[in-house]
Amino acid sequence: MTIGISKTFDLGDGKKVTLETGKLARQADGAVMLRHNNTMILATVVSAKEAKEGVDFLPLSVDYQEKFAAVGRIPGSFHKREAKLSDYEVLISRIVDRALRPLFPEDYHADTQVMITLHSGEAEVLPEAFVGLAASAALAVSDIPFNGPISEVRVARIDGKLVINPYKSELDKADIDLIVAGTAHDINMVEGEMAEVSEADMLEALKFAHEAIKKQCAWQLELAEACGGKKTTRTYTPEKSDEALREKIYKTFYEPVYAIAKSALPKQERSDAFKKLLDDYISALPQNQEGADVSAIENPEDEGLIKKYFHDVQYDAVRNMILNDRSRLDGRQLDQVRPIWSEVDYLPSAHGSAVFTRGETQSLTSVTLGTKMDEQLLDSPMVFGYSKFLLHYNFPSFSTGEVKPNRGPGRREIGHGNLALRGLKRMLPDSMENPYTIRVVSDILESNGSSSMATVCAGSLALMDAGIKLKGAVSGIAMGLITDEKTGKYAVLSDILGDEDHLGDMDFKVVGTAKGIVACQMDIKINGLKWEVVEEALNQAKGGRTHIMNEMNKTLAEPRADYKPHAPRIEKLIIDKEFIGAVIGPGGKVIQGIQRDTNTVVSITEEGEHGIIEVASANRENMDKAIAIIKGIVMVPETGQEYTGKVKSITDFGAFIEFLPGKEGLLHISEISWQRLPSMEGVLQTGEEIKVKLIEVDKKTGKYRLSRKVLLPRPEGMPEETPRAPRGPRPEGGHRGPRRPDGDRRDNRDRGPRDHHRKPEQNNNPESSAPEQPTGE
């Protein structure tokens, strides 16, 4: 028995995607299971029947979550279950939210929740390319008011060719990697990174992505038709309105608001002026007069509607002022960037720091250089590994003069930080040139628009101040757009203010170097955006980025020649794979001892047939000491070489000397001095350093024989020692030599036990009781 409705569509290049509805989650308003290869994503949407009283916005929440079972893993947390959304999941939730939100009716204010869950995954398929399609399809088969459908695709340029939804392994060769969302008519969301590409190349990628989006929007309409056609959109109570009051507020406030907008006041003064207009009007209402009988007043004006309509007046007046007068709220020209000042090395104890201020937006950014031990563990179903570059963006409430509790980073902070990270990551030196784990922290101290782009600029300066050899300095700018569909007028704005972002139709952030674009983020709130306008915005952004870059170069034009004196230095050693165990030691004893004794941080990784060792310390002497120990461990002792060793233990027949780290040899009592020593008493002390020479390595056991006396002058008259001749083969007849004078013939068969097998009391040779020498392994 077939349950539900399923439709399969061709993605191209032999790739298929299936949309299935009516089988799972049937109590949701809309539910669709999307399948591509072994990837299965369930999207559900539920919306309240009525909006809560007093709500004048859309309470939309979008949550994307990956189940560990989707890739056959058990979560590694203490509770062994999925917890709060990871940053990766938050970022995917945001790209869906930003694509869906503008398509709901403006007067629809009911609580709405979109939940997207990865139930089955595979390493080669990146789910963020399909989550938008799944979410929009769930809305398409529901009765929730929605002016869609929309879809999202990943577009990448690989070996010069644009590809839709490439596999993960293919992205390694991509110089453009974008997530693009839109309807069948326009794009409305872009997020991604590039390798210093031109504006024309980026525009071509957007157009290519939109063609794929058109097809996927048609698929959703086909799915809805297969379900019996689009469900009748539910009726909902529109927000309360009063047309007479709206007209009165418009006539009362339009001219004063227009005048304030044109006065080019600073942000706070302009805000206070708008607030005074509204407060004076509300305080003059009859119901607000002292001793007024509210019940006796006919049709009192609703203060909530007054505030709403006043905001509508602000929206129209500010936009018209910009379109008609070609001027901005702060008096700038449309393409003019606010005044910039910057400073580096502001924080003396940080490894790198910078202050970047553009108008009323300011970022204080620090850079910390760490070791491999500081890498961030990424542990999610689809992303597992380590990250050596971290960027954290903080937006405290005082930056906008507000009072709010500090509850840690929210989705906005995570998204803004990720955009800045994308822009800076591309310009970091290769891993062989940069052994550090790098953490960049941007604290926004003032904000009036485009604080994420201030983070990019401050981050670039701080990294260069830290001595990180960036491939190129990075700057960023936020572009805005004001349009009038009736007249066809539009204005592209460079370096937008917070109010211009709020009242505008587009927020387009572009990050790049002198050579090209490295990252971007775009959100569009209107329909009918022409490609010519996008092209103009990109070209105008290039001029703004270049201006900002020139201002930054006045402060610091290139990376410092060296790191700060208090920054850790890291040196790499490459050893043969066979020595990794010797450096680590049993249970990590050796490597921990090196770190403890030298106050350094030592890490080791296996790559192919080699071990890569990193030694980090801010103290050159400590680093040299650690490196010397490691080199000693991996060094192969050579016969005839002289070494400075340390006495580890003393026995009756000599002493054991550690002549290289982890390598000990026997210094026999007869090899200490040219004079015969009756005993070891008082000859050497444990811990004493002496010079020795390696005179023999036993070929069978690998044991080392050391000599000290060969490094001392030979006493006069002492004859040269004759080397012992090696024993030859046994002669025929089984006898090694002639008979003794007494007629006795003793060979190995009748000699009896060798001396070193006799009991100690039967042997006067002090070597007879010697334990086995260590092999040095």
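1. Overview of the overall build of the protein
Looking only at helices and strands, the protein has 13 helices and 29 strands in total. Expected size for 777 residues packed as a compact globule is a radius of gyration near 28 Å; at 38 Å, the protein overshoots this value by more than 25%. Taken along its principal axes, the extent of the C-alpha atoms in the protein is 145 × 70 × 55 Å. Residues counted as buried form 48% of the 777 residues belonging to the protein. If you take every contact in the protein between residues at least 6 apart in sequence, the share linking residues at least 24 apart comes to 69%. Considering the protein, the positive charge centre built from 101 side chains and the negative charge centre built from 118 side chains are found 7 Å apart.

2. Looking at the confidence of the model for the protein
Scored by pLDDT, the protein has a mean of 89; 92% of the residues are at 70 or more. Contacts of residues 734-777 to residues separated by more than four positions or lying in other chains number 51 contacts, the stretch itself having pLDDT below 50.

3. Comments concerning the sheet that holds strand 23 (residues 601-607)
A sheet is described by the order of its strands in space; here three strands give the open sequence 22-24-23, paired in antiparallel fashion. Single-partner strands in this sheet number two, and they are strand 22 (569-576) and strand 23. Direction aside, the axes of adjacent strands within the sheet are offset by 20 degrees on average. Pairing between strand 22 and strand 24 (residues 610-617): eight bridges, direction antiparallel. Counterpart to Ile570 in the pairing with strand 24 is Ala616. Sheet strands in contact with helix 13 (residues 620-634) are strand 22, strand 23 and strand 24, and its direction is about 5 degrees off that of strand 22.

4. Quick notes on unusual backbone geometry
Put simply, Gly148 and Pro149 share a cis peptide bond, and its omega is 5 degrees. Mapped onto the fold, Pro149 is located in the loop between helix 2 (131-140) and strand 7 (151-158). Look at Lys80: it is not a glycine, yet its phi comes out positive at around 60 degrees. By secondary structure assignment, the location of Lys80 is in the loop between strand 5 (60-66) and helix 1 (87-100). A positive phi angle, near 60 degrees, is found at Asp345, a position not held by glycine. Relative to the elements of secondary structure, Asp345 occurs in the loop between strand 11 (340-344) and strand 12 (352-358). Judged by relative accessible area, which is 38%, Asp345 ranks as partly exposed.

5. Quick look at the packing of helix 4 (residues 243-262) against helix 5 (residues 267-283)
For the pair helix 4 and helix 5, the least separation of the axes is 10 Å and the interaxial angle reads 155 degrees. As the angle between them shows, helix 4 and helix 5 are arranged roughly antiparallel. As helix 4 runs across helix 5, the sense of the crossing is right-handed. Listed contacts from helix 5 to Lys248, Ile249, Thr252, Phe253, Pro256, Val257, Ile260 and Ala261 of helix 4 are Arg270, Ala273, Phe274, Leu277 and Tyr281. A class-by-class count of the residues in the contact of helix 4 with helix 5 yields ten nonpolar, one polar and two charged.

6. Digging into the sheet that holds strand 17 (residues 437-446)
In spatial order, the strands read 11-12-13-17-16; together these five strands make up an open sheet with mixed pairing. Looking at the sheet topology across the chains shown, the edges are occupied by strand 11 and strand 16 (389-394). Each neighbouring strand pair of the sheet contributes to a mean axis angle of 15 degrees, computed without reference to strand direction. Strand direction decides the pairing type here: strand 11 and strand 12, joined by five bridges, are antiparallel. Each residue of the ladder has a partner; that of Ser342, found in strand 12, is Phe356. Strands in contact with helix 8 (residues 451-465) are strand 11, strand 12, strand 13 (361-370), strand 16 and strand 17; relative to strand 12, the strand with the most contacts, it is inclined by about 145 degrees. Sheet strands in contact with helix 10 (residues 531-555) are strand 11 and strand 12, and its direction is about 35 degrees off that of strand 11.

7. Considering the packing of aromatic side chains
On inspection of all chains with the given rule, the structure shows twelve aromatic pairs. Seen in terms of ring centroids, Tyr643 and Phe659 are 5.2 Å apart; in terms of plane orientation they differ by 55 degrees. Their pairing is tilted. In this pair, Tyr643 sits in strand 25 (residues 642-651) while Phe659 sits in strand 26 (residues 654-660), placing the two residues 16 residues apart along the sequence. A residue is classified by how much of its surface remains accessible, and Tyr643, at 10% relative accessible area, is buried. Each member of the aromatic cluster is reached from another via a ring pair, and the members are Tyr250, Tyr254 and Tyr258. Its end group placed over the ring of Phe395, Arg412 keeps NZ or CZ at 4.1 Å from the ring centre.

8. With respect to the packing of helix 1 against helix 2
Two elements in contact, helix 1 and helix 2, have axes whose closest approach is 10 Å; the angle formed by their N-to-C orientations is 45 degrees. Considering the angle they form, helix 1 stands oblique to helix 2. The chirality of how helix 1 crosses helix 2 is right-handed. Counted together, Ile92, Val96 and Leu100 of helix 1 and Val131, Gly132, Ala135 and Leu139 of helix 2 form the full contact between these two elements.

9. A few points about the state of the cysteines
In protein structure, a disulfide is the covalent linkage between the sulfur atoms of two cysteines. For the coordinates displayed, the defined rule picks out zero disulfides. Of the cysteine sulfurs around Cys217, a residue in no disulfide, the closest is that of Cys227, at 17 Å. Here Cys217 falls in the buried class, since its relative accessible area comes to 2%. Cys227 sits in the partly exposed class, given a relative accessible area of 33%.

10. Re helix 12 (residues 589-598)
Spacing of three or four residues puts side chains on the same side of an α-helix, whose turn is 3.6 residues. Those residues of helix 12 lying buried are Ile591, Gly593, Ile594 and Thr598. The arc that holds the buried residues of helix 12, viewed along the axis, is 160 degrees, so those residues lie on one side. In helix 12, the exposed positions that point more than 90 degrees away from the buried face belong to Lys589 and Arg596. Buried residues belonging to helix 12 abut helix 11 (580-584), strand 23 and helix 13. Phi for Asn599, located one or two positions after helix 12, is positive at around 55 degrees.

11. Remarks on the environment of Val510
The residue Val510 is located in strand 20 (residues 506-512) in this model. Taking the C-alpha atoms as reference, Val510 lies 5.6 Å from Ile477; in sequence the two are 33 residues apart. The contacts of Val510, once residues within four sequence positions are left out, are Met453, Ser475, Gly476, Ile477, Ile517, Ala519, Leu538, Ala541 and Arg545.

12. Quick word on a nonpolar patch on the surface
Among the surface-exposed residues, Leu377, Phe384 and Tyr386 lie close enough to one another that they form a single nonpolar patch of about 380 Å² accessible area. Among the structural elements, Leu377 can be located in strand 14 (residues 376-379).

13. Notes on the nonpolar core
Counting residues in each nonpolar core, the largest one holds 112 residues, and the members touching the most others are Leu178, Ile438, Ile468 and Phe508. In terms of residue count, the dominant contributor to this core is helix 6 (residues 303-325) (ten residues). With residues up to four places along the chain from it excluded, the contact list for Ile438 reads Val367, Thr368, Leu369, Lys388, Phe389, Leu390, Leu428, Leu463 and Ile468. In this structure, Val32, Val114, Leu139 and Met189 belong to the second largest nonpolar core, which totals 46 residues.

14. Some thoughts on the pattern of salt bridges
Evaluation of the coordinates by the stated rule reveals 55 salt bridges. Where Arg246 meets Glu243, a salt bridge forms, and the shortest distance between an N and an O atom there is 3.4 Å. With Arg246 and Glu243 both in helix 4, this residue pair falls three residues apart, about one helical turn. The exposure class assigned to Arg246 is partly exposed, which follows from its relative accessible area of 29%. Where salt bridges share partners, they join Arg98, Glu191, Glu193, Arg422, Lys425, Arg426 and Asp523 into one cluster.

Reading guide: rules and limits
Residues numbered from 1 in each chain as written. Predicted model: local features only at pLDDT ≥ 70, side-chain atom pairs only at ≥ 80, totals over all residues. Heavy atoms only, no water. Helix = DSSP H or I, 4+ residues; strand = E, 2+ residues; numbered from the N terminus. Rg over C-alpha atoms; globule rule 2.2 N^0.38 Å. Buried < 20%, exposed > 50% of the residue type's maximum accessible area, 1.4 Å probe, protein only. Contact = heavy atoms within 4.5 Å. Lys, Arg positive; Asp, Glu negative; His and termini not counted. Charge placed at Lys NZ, Arg CZ, Asp CG, Glu CD. pLDDT = per-residue confidence, 0-100. Pairing = 2+ DSSP bridges. Axes fitted to C-alpha atoms, helices over the stretch in contact; angles between N-to-C directions. Parallel < 35°, antiparallel > 145°, perpendicular 65-115°, else oblique. Left-handed = near helix turned anticlockwise from the far one by under 90°. Nonpolar A, V, L, I, M, F, W, Y, C, P; charged D, E, K, R; others polar. Phe/Tyr/Trp six-rings, centres within 6.5 Å; stacked < 30°, edge-to-face > 60°. Lys NZ or Arg CZ within 6 Å of the ring centre and 35° of its normal. Disulfide = S-S within 2.5 Å. Arc of directions from axis to C-beta. Patch = residues over 30% accessible without salt bridge, like charges linked within 9 Å, V, L, I, M, F, W, Y side chains within 5 Å. Areas by Shrake-Rupley, 256 points an atom, 1.4 Å probe, with all protein chains shown as cover. Salt bridge = Lys/Arg side-chain N within 4 Å of Asp/Glu carboxyl O. Core = buried A, V, L, I, M, F, W, Y, C linked by side-chain atoms within 4.5 Å.

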